[in-house]
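# Notes for the structure review
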Amino acid sequence: MRVTLKIWRQASRGGSGKFVSYPVDNVNPDMSMLECLDVLNEQLIERGEEPVAFEHDCREGICGSCGFMINGVAHGPLPATTVCQLTMRHFKDGETLTLEPWRARAFPLIKDLVVDRRSFDRIIASGGYISTSTGGACDGNDILVPKETADRAMDAAACIGCGACVAACPNASAALFTGAKITHLGVLPQGKPEQDRRAIAMVAQMNAEGFGGCTNIGECTGVCPKEIPLEVIAAMNRDYLRGSWRARDNVVTPIRPFTEWSTGSKLKNDPTGG
Amino acid sequence: MATTVIGTREIRPIRFWESTNGQKAIMAVTGIVLLLFVFFHMLGNLQFFEGREQINFYGAALRRFPEALWAARVILLVSVVLHIWSSVKLAVRKNGARPTGYTARKNINSSYASRTMYWSGPILLAFIIYHLLHLTAGAIQPGGAFVEGDVYGNLVKGFSVWYVSLWYIISMILLGLHIRHGAWSLFQSLGMNHPRHTPLLKKLAMLFAVVVVLGYVAIPVSILAGVRP
């Protein structure tokens, strides 16, 4: 089969970008979307052109590296699938596919289809952990976790942090991601000690990053390759409300969104004005 | 990673007030107040169908205790202001959150109502201002002079003008859309979501929206159709 890939090309962060169309012949229908880009890149390299930059790692749908918009849908038309697992047989022969990077202020573009998602790392760093005692290992099944609770935590923990939720959200909100991270620790007994603080700190960092606010539209869960339910956002709201009400040691210290590799790239999205 | 600590908000209410989640909670709580008002206002209005005496009596009864009336009005006004304030804060955030838009973006998992809350809201505000000027203050008098206390007559005079009724009906349909999303979404904003209850809440929100739209629209439609009690 043959397809035409209309790809966003942008050489660098500050530069301007544009769409360039590349016809790709001899596409094997069993190829993944990323393998199709590999084929295109080999042709581009042979022609002496700059290959298309895209992020990838495991190529089995679990690392969360890959992802871009295909014809306006994050990770393409197949539900619960990352672009590395999306095979070309789901497209029609001769179809034109528009590939566009995630677009959000908190995801500054690095090159072509690659965006900087370290805002997610900073959200995790602000509260996505549990305290643990050092010393001898405790016995297995020391803390009993009901199966139902373990399942809920596992469903939320399936989040791979790919950023599709932000990309698909009309508000560019990171609520599904942050909600998943808050839920998967908050529902377990091991995560209870920090439950209040976690929600407050992670929400503060999420807001400092310049994501939009959640208005319960639901696009995020529709594109999520791990099908994280909207329920995690409600769990975040619940933890946040309860935490705001009763927290005592509520010293919240969001850190300034910052990318250190290029000076002068400090994001102008600090809501505190500082 | 280079880190700089910013904005430690030690004052809890301010931190809550400035957070997206706090704003949504304010939106939800004020939304509940406004939903209750919408429902009971509709029940009051439907007394139109019981005839001139009943609706005029109801109008007079509301004014019998001015303190209670003004207390209710103040609560409603505060709710409306907070509701708008939080939506403005979220809208400003939304506008800043995606500086470069998509060339193509498809919606695959959302309702029309949820995506148009930022449109239905301001149009409803314009309607409410018009509606108060028309039927509460009597400052706008389409279709004939406003008579203080004659609710029935004012309704018939106003809604006999086709464009007044049309504007009313369009606004009520937008109100229905706003409720269809808002009435279940407020539970989500307050942290209540359950795989078993939320689908039911969505259905109830739809039912509530349909009842409200039909209840309100019945009056101008019957006046225009000439069916008057």
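Criteria and thresholds
Residues numbered from 1 in each chain as written. Chains lettered and ligands numbered in written order. Predicted model: local features only at pLDDT ≥ 70, side-chain atom pairs only at ≥ 80, totals over all residues. Heavy atoms only, no water. Helix = DSSP H or I, 4+ residues; strand = E, 2+ residues; numbered from the N terminus. Rg over C-alpha atoms; globule rule 2.2 N^0.38 Å. Contact = heavy atoms within 4.5 Å. Buried < 20%, exposed > 50% of the residue type's maximum accessible area, 1.4 Å probe, protein only. Pairing = 2+ DSSP bridges. Expected span 1.5 Å × (residues − 1). Arc of directions from axis to C-beta. Buried area = accessible area lost by both parts, 1.4 Å probe. Salt bridge = Lys/Arg side-chain N within 4 Å of Asp/Glu carboxyl O. Polar contact = N/O pair within 3.5 Å; in protein donor to acceptor, adjacent residues only side chain to side chain. Nonpolar A, V, L, I, M, F, W, Y, C, P; charged D, E, K, R; others polar. Domains from an automatic or database assignment. Patch = residues over 30% accessible without salt bridge, like charges linked within 9 Å, V, L, I, M, F, W, Y side chains within 5 Å. Areas by Shrake-Rupley, 256 points an atom, 1.4 Å probe, with all protein chains shown as cover. Axes fitted to C-alpha atoms, helices over the stretch in contact; angles between N-to-C directions. Parallel < 35°, antiparallel > 145°, perpendicular 65-115°, else oblique. Left-handed = near helix turned anticlockwise from the far one by under 90°.

### So, the overall build of chain A
Looking only at helices and strands, chain A features 8 helices and 7 strands. Its C-alpha atoms give chain A a radius of gyration of 20 Å, near enough to 19 Å, the size a compact globule of 274 residues would have. Considered along the principal axes of its C-alpha atoms, chain A spans approximately 60 × 45 × 40 Å. For chain A, the share of sequence-separated contacts (at least 6 apart) that also reach a separation of at least 24 residues comes to 70%.

### Digging into the pairing of strand β5 (residues 96-100) of chain A
All names here are of chain A. Taking burial as the measure, the 5 residues of β5 include 4 buried ones, the bulk of the element. Here strand β1 (residues 3-9) pairs with β5 via 4 bridges, running parallel. If you follow Leu5 over to β5, its bridge partner there is Leu97. In terms of strand pairing, strand β3 (residues 69-70) meets β5 through 2 bridges, oriented antiparallel. Within the sheet, the bridge partner assigned to Met69 lies in β5 and is Glu100.

### Overview of helix α6 (residues 117-136) of chain B
Residues and elements named next belong to chain B. An ideal rise of 1.5 Å per residue puts 28 Å on 20 residues; α6 measures up with 26 Å between its terminal C-alpha atoms. Taken as a whole, α6 has its buried residues at Met117, Ser120, Leu124, Phe127, Tyr130, His131 and His134. Buried residues of α6, seen end-on, are gathered within an arc of 150° and therefore sit on one face of the element. Just past α6, the residue Gly138 takes up positive phi, approximately 70°.

### With respect to the interface of chain B and chain A
Facing the 50 residues of chain B at the interface are 62 residues of chain A. Summed over both sides, the interface between chain B and chain A buries roughly 4,800 Å², with carbon and sulfur atoms accounting for 52% of that surface. Put simply, chain B and chain A have 0 salt bridges between them. Applying the counting criterion to the chain B and chain A interface returns 29 residue pairs in polar contact (both at pLDDT 80 or more). Contributing elements (two or more residues each) for the side of chain B that touches chain A: α1 (12-18), α2 (20-45), α4 (66-97), α5 (112-115) and α8 (162-189) of chain B. Here the residues of the side of chain B that touches chain A are counted per class, giving 17 nonpolar, 22 polar and 11 charged.

### Brief notes about the environment of Ile26(B)
Residues and elements named next belong to chain B. Here Ile26 lies in helix α2. Take Ile26: its relative accessible area is 12%, and that puts it in the buried class. On a C-alpha basis, the gap between Ile26 and Asn45 in space is 28 Å, while along the polypeptide they are 19 residues apart. Apart from residues no more than four positions distant in its own chain, Ile26 is found in contact with Trp17, Leu82, Trp85 and Ser86.

### Describing the domain arrangement of chain A
All names here are of chain A. Assigned domains of chain A: these are domain 1 (3-100) and domain 2 (118-246). If you average the C-alpha positions of domain 1 and of domain 2, the two centres end up 30 Å apart. Each partner contributes to the interface: domain 1 provides 12 residues, whereas domain 2 provides 10 residues. In this assembly, domain 1 packs against domain 2 so that about 770 Å² is buried in total across both faces, 63% of it on carbon and sulfur atoms. Counting the contacts that link domain 1 with domain 2 gives 0 salt bridges. Along the lines of polarity and charge, the residues of the side of domain 1 that touches domain 2 split into 7 nonpolar, 5 polar and no charged.

### Focus: a nonpolar patch on the surface
Residues and elements named next belong to chain B. A surface patch of nonpolar side chains, amounting to about 470 Å² of accessible area, comprises Ile84, Val88, Val92, Leu125, Ile129 and Leu133. Those elements that provide at least two residues to the nonpolar patch are α4 and α6. Take Ile84: it is sitting in helix α4. Since its relative accessible area comes to 33%, Ile84 is described here as partly exposed.

### Details of the packing of helix α2 (residues 118-127) of chain A against helix α6 (residues 195-208) of chain A
Residues and elements named next belong to chain A. As a packed pair, α2 and α6 sit with axes 8 Å apart at the nearest point and diverge in direction by 155°. One element, α2, and the other, α6, form an angle in the roughly antiparallel class. When you trace α2 past α6, the crossing you get is right-handed. Two secondary-structure elements touch here, α2 through Arg122, Ile123, Ile124, Ser126 and Gly127 and α6 through Arg198, Ala201, Met202, Gln205 and Met206. A per-class count over the contact of α2 with α6 returns 5 nonpolar, 3 polar and 2 charged.

### Regarding the pattern of salt bridges
Residue and element names in this part refer to chain A. If you walk through the whole model with that rule in mind, you get 15 salt bridges over all chains. Among the salt bridges present, the one from Asp151 reaches Lys147, with a minimum N-O distance of 2.7 Å. Residue Asp151 and its partner Lys147 are located together in helix α3 (residues 147-157), separated by 4 residues, close to a single helical turn. The exposure class assigned to Lys147 is exposed, which follows from its relative accessible area of 60%. A salt bridge links Arg242 to Asp239, with the shortest nitrogen-to-oxygen separation between them at 3.1 Å. Taken together, the residues Arg242 and Asp239, both in helix α8 (residues 231-246) and 3 residues apart, mark about one turn of the helix. Its relative accessible area of 31% is what places Arg242 among the partly exposed residues. Asp239 sits in the buried class, given a relative accessible area of 5%.

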